[in-house]
Amino acid sequence: MNAGGRRSLYLGLAAAAALAALPAAGPAYYLQLLTIVFYWIGLAACWNLMCGYTGYIDFGSAAYTGIGAYVAGLLMLRLGLPLMAAAPLAGLGAGLVALAVGWPTLRLRGAYFAIATFALAEALMQVCEEWSGLTEGGVGITIPQRLAELSYYWLYLGLAGLVVGLTWWVEHHKHGYGLKAIHQDEQAAAQVGVNTHLVKLQTYVTSAFFIGILGALEGSRLGYFKPDDVFNVHITIKMVIMSLLGGMGTVLGPVIGASFLQLVEDFLGARFLNYYLVIIGAIIVGVIIFLPRGIAGSLGQRLGWRPWRRR
Amino acid sequence: MSALVIQSLINGVLMGGIYALYSAGFSLIFGVMGVVNIAHGDLLMLGAFLTYWMFVGLGLDPFLTLPFSLLGLFVLGYLMQRLAIHRVVGAPPIMSYILTFGTHLMISNLALVAWTADPRTVTTAYSGAHLAIAGLTVPWVKLITFLISLAVVGALYLLLHHSQMGRAIQATSQDREMARLSGIKVDRVYALTFGLGAAITGLAGSLVVAFRDVDPGMGLPYTIIAFCVVVLGGMGYIPGALVGGLILGVTGSVCTLLFTPGWSVAITFFLLYLMLLLRPAGIMGKGIVE
């Protein structure tokens with residue numbers, strides 16, 4: 001590890017410590033806003049860890065927030081497990097599903113992975129809607145356990161810090177070089193000895209594991225949810241856009257992107273309720289059309305992307 | 001019981017025609033430009049609303065609105081490509097997913113604000129008329145939409161293989177640089193292709209009003225069905241859309257009969273998953289596998 005890497009590690013730890021101590025001083029509204037920001041940093045960082053680094057685009061990550069929320073919710077509701085036991089189990093459940101989905105689809109490059117994951121999230125939502133004997137269907141479930149508001153603040157901060165830290169570790173470790181090599185040229189990566197399928201699968205399952213835990217915690221924080229709330233495609237798209245805005249395949253990209261978008265959303269959502277999604281859509285289209293290199297620019301040069309030229 | 005199953009098979013085949021029609025547009029756009037169009041179902045929704053408003057506002061027969069949705073969506077698709085999509089042709093796939101997802105958000109939510117979430121139905125004087133054979137009923141309207149769908153997919157195939165424009169589109173999809181060197185205006189071919197894909201999708205929207213009601217949120221599920229159809233039939237392979245569409249139509253209809261509509265969506269996904277596992281190039285093995 002070089003000196004720069006070590007310095008950024010200490011800086012990151014210092015920032016996390018400062019944020020952890022913040023509740024002693026901050027007013028409640030901002031703490032709640034920050035809690036949600038941390039939640040999204042965690043999710044975006046999970047998405048970025050897999051998709052930002054390998055270039056495989058998961059368009060159905062909401063499948064794992066949904067699985068997390070439902071597995072944990074049902075374990076608490078039906079078996080009376082405490083949240084702190086249910087949440088890791090929910091993460092395992094999400095990881096197992098990711099293993100089953102990733103095994104066949106991660107062998108295929110490009111559009112197929114995105115399509116399969118996109119359809120997965122929608123299909124799982126339908127299963128939750130229909131299998132009402134298990135999940136209560138469209139009625140939704142009410143979670144019996146809820147932690148104190150501040151616990152979520154620290155939990156989300158901790159998880160976001162953990163995933164960002166993991167990304168940092170990956171960035172400076174052989175595993176990360178493998179991921180980046182896959183992004184640039186998968187065949188070449190395989191030829192120089194990267195077990196590409198295994199590396200992708202490990203990363204994908206890890207990412208789904210943390211998304212599952214975050215989904216489980218958020219489910220208990222909400223207290224009540226329906227399939228449409230936790231499997232919503234907009235959850236996925238937010239992770240994607242946050243990563244893209246901040247810079248895909250970078251350690252701090254999701255932190256910047258998630259903080260920015262969540263604060264914008266907090267501002268817009270309160271003022272333009274009806275047109276809010278139209279505006280978000282317009283922002284997305286505008287960013288892709290007018291700033292394709294502005295966002296991916298510096299990153300793009302480093303990874304050898306040429307967004308304006310067909311490969 | 002068996003009559004019920006046969007009846008649902010018939011319904012599935014009839015619906016499959018529509019699936020095939022707009023999925024052919026989806027497949028065409030992907031095959032030529034490599035763009036996965038997540039706003040595809042919303043184009044279908046716009047076609048359906050165009051027919052609804054012309055029917056309600058002008059009293060025009062739904063079948064007479066077909067040329068309008070064909071032309072209207074062609075223009076919209078052409079402009080969409082020229083104004084936005086052309087920026088992401090050849091970019092990493094994520095750019096096109098996100099761009100078309102943004103487009104989906106804009107179209108479907110603007111439609112929601114303009115037309116509200118109320119479902120609307122198109123009921124004509126002849127909506128109930130049907131052909132009855134041996135206890136089975138085939139509504140005339142659905143039969144005609146099926147035949148139109150088949151004819152349009154056939155026409156698209158002929159257009160791609162036996163016309164100057166079609167050859168230009170094929171050449172561009174095979175090798176963009178060589179096509180350019182041969183004097184093909186690649187940018188115009190892309191815009192035409194997107195327009196063409198949008199046009200037949202709008203047409204499918206006008207036809208789908210014979211099967212169901214119309215609402216602004218109807219688009220996204222159709223996009224997902226298009227994914228499944230083209231994976232079944234083979235990405236970028238137009239005749240495959242016909243096979244995939246019919247299989248999906250029948251599967252959906254039979255599953256709805258045996259279980260519930262929600263389960264049929266889940267089973268459709270399972271089918272997609274199996275296909276990706278076993279035969280990613282589609283049933284006939286002629287799709288594009290990257």
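Residues numbered from 1 in each chain as written. Chains lettered and ligands numbered in written order. Predicted model: local features only at pLDDT ≥ 70, side-chain atom pairs only at ≥ 80, totals over all residues.

**Description of the overall build of chain B**
Applied cut-off: Note on conventions: DSSP H or I runs of at least 4 residues are helices, E runs of at least 2 residues are strands, and numbering of each starts at the N terminus. C-alpha atoms define the radius of gyration in this analysis, and the globule rule sets the expected value at 2.2 Å times the number of residues to the power 0.38. Residues with at least 20 other C-beta atoms within 10 Å of their own are called buried, those with 12 or fewer are called exposed, and the rest are partly exposed. The C-beta atoms themselves are positioned from the backbone.
Each helix and strand counted, chain B has eleven helices and two strands in total. From first element to last, N terminus to C terminus, chain B shows the α and β order α-α-α-α-β-β-α-α-α-α-α-α-α. Compactness check: chain B gives a C-alpha radius of gyration of 19 Å against a globular reference of 19 Å for 290 residues, within 12% of the reference. C-alpha extents for chain B along the principal axes are approximately 60 × 45 × 35 Å. Expressed as a percentage of the 290 residues in chain B, the buried residues total 57%.

**A short note on the overall build of chain A**
Within chain A, the regular secondary structure consists of 15 helices and two strands. In terms of overall size, chain A behaves like a compact globule, its C-alpha atoms giving a radius of gyration of 19 Å where 311 residues would be expected to give roughly 19 Å. Each principal axis of the C-alpha distribution contributes one length, and for chain A these read about 50 × 45 × 40 Å. Relative to its full complement of 311 residues, chain A shows a buried share of 50%.

**A short note on the packing of helix H1 (residues 2-33) of chain B against helix H9 (residues 219-233) of chain B**
Packed helices, taken two at a time, are described by their axes: the angle between them and the distance between them. Residues and elements named next belong to chain B. To keep things clear, this is the line we draw: Lines fitted to the C-alpha atoms define the axes, with helices restricted to the stretch that makes contact. Angles between their N-to-C directions range from 0 to 180 degrees. Under this scheme an angle from 65 to 115 degrees is roughly perpendicular, one under 35 degrees roughly parallel, and one over 145 degrees roughly antiparallel; angles in between are oblique. Contacts are defined on C-beta atoms placed from the backbone: any two residues whose C-beta positions lie within 7 Å are in contact. By the convention adopted, Pro, Cys, Tyr, Trp, Phe, Met, Ile, Leu, Val and Ala count as nonpolar, Lys, Arg, Asp and Glu as charged, and the other residues, Gly among them, as polar.
Their axes nearest at 9 Å, the elements H1 and H9 cross at an angle of 75°. Comparing the axis directions of H1 and H9 gives the class roughly perpendicular. From H1, Tyr-19, Tyr-22, Ser-23, Phe-26, Ser-27 and Phe-30 reach across to H9, where they touch Tyr-222, Ile-225, Ala-226, Val-229 and Val-230. Tallied by class, the residues present in the contact of H1 with H9 amount to nine nonpolar, two polar and no charged.

**A look at the pairing of strand E1 (residues 130-133) of chain B**
All names here are of chain B. Our working definition: A pair of strands is labelled paired if DSSP reports no fewer than 2 bridges between them.
Pairing between E1 and strand E2 (residues 136-139): four bridges, direction antiparallel. Paired with Leu-131 across the bridge in E2 is Val-138. In textbook terms, the turn of a hairpin is the stretch between consecutive antiparallel strands, and for E1 and E2 this stretch comprises two residues, one of which, Ala-134, has a positive phi near 50°.

**Remarks on the nonpolar core**
To be explicit about the condition: Joining buried Ala, Val, Leu, Ile, Met, Phe, Trp, Tyr and Cys residues through C-beta atoms within 7 Å gives a set, and that set is a nonpolar core.
Counting residues in hydrophobic clusters, the biggest one holds 205 residues, and the most contacted among them are Ala119(A), Ile98(B) and Cys228(B). Setting aside chain neighbours within four positions, we find Cys228(B) in contact with Ala119(A), Leu248(B), Thr268(B), Leu271(B) and Leu272(B).

**A look at the interface of chain A and chain B**
Counting residues at the interface gives 43 residues for chain A, matched by 40 residues for chain B. Elements supplying a minimum of two residues to the side of chain A that touches chain B: helix H4 (83-105), helix H5 (111-130), helix H12 (233-246) and helix H14 (276-290) of chain A. Looking at the side of chain A that touches chain B element by element, the count peaks at 14 residues for H5(A). A class-by-class count of the residues in the side of chain A that touches chain B yields 30 nonpolar, six polar and seven charged.

**Some details on unusual backbone geometry**
One non-glycine residue, Thr116(B), lies in positive phi territory at about 60°. Along the chain, Thr116(B) turns up in the loop between helix H4 (93-115) and E1.

**What about the packing of helix H2 (residues 40-58) of chain B against H4(B)?**
All names here are of chain B. What counts is decided by this rule: Helix crossings are classified by the rotation of the near helix relative to the far one: an anticlockwise turn of less than a right angle makes the crossing left-handed, while a clockwise turn makes it right-handed.
Between H2 and H4, whose axes approach to 10 Å, the crossing angle comes to 30°. The orientation of H2 with respect to H4, classified from their angle, is roughly parallel. Helix-helix and strand crossings are classified by hand; for H2 and H4 the assignment is left-handed. Contacts between H2 and H4 involve Asp-42, Met-45 and Phe-49 on the former and, on the latter, His-104, Ile-107, Ser-108, Ala-111 and Trp-115.

**Looking at the environment of Leu207(B)**
By the element assignment, Leu207(B) lies in helix H8 (residues 186-208). If near-sequence neighbours (up to four positions away) are discounted, Leu207(B) is found in contact with Ile18(B), Thr145(B), Ile148(B) and Ser149(B).

**Overview of the environment of Ala216(A)**
Residue and element names in this part refer to chain A. Topologically, Ala-216 is positioned in helix H10 (residues 196-222). Linking Ala-216 and Ala-72, residues 144 residues apart in sequence, is a C-alpha distance of 5.5 Å. Other than its neighbours up to four places away in sequence, Ala-216 contacts Gly-68, Ala-69, Val-71, Ala-72, Ala-86, Ala-87 and Ala-90.

**Regarding H9(B)**
Residue and element names in this part refer to chain B. Inclusion rule: In a helix, the anticipated span is given by 1.5 Å times the number of residues less one.
Relative to the 21 Å expected for 15 residues at 1.5 Å per residue, H9 spans 21 Å between its end C-alpha atoms, a close match to the ideal helical length. Within H9, 14 of the 15 residues are buried, leaving the element largely enclosed by the surrounding structure. Residue Gly-234 follows H9 closely and has a positive phi angle near 110°.

**Topic: helix H11 (residues 261-278) of chain B**
Residue pairs three or four apart in sequence face the same way in an α-helix, which turns once every 3.6 residues. In this model H11(B) runs 26 Å from its N-terminal to its C-terminal C-alpha over 18 residues, within 8% of the 26 Å that 1.5 Å per residue would give. Taken together, the buried positions of H11(B) are Gly262(B), Ser264(B), Val265(B), Ala266(B), Ile267(B), Thr268(B), Phe269(B), Leu271(B), Leu272(B), Tyr273(B), Met275(B) and Leu276(B). Of the surrounding elements, those touching the buried residues of H11(B) are H4 and H5 of chain A together with H9 and helix H10 (238-258) of chain B.

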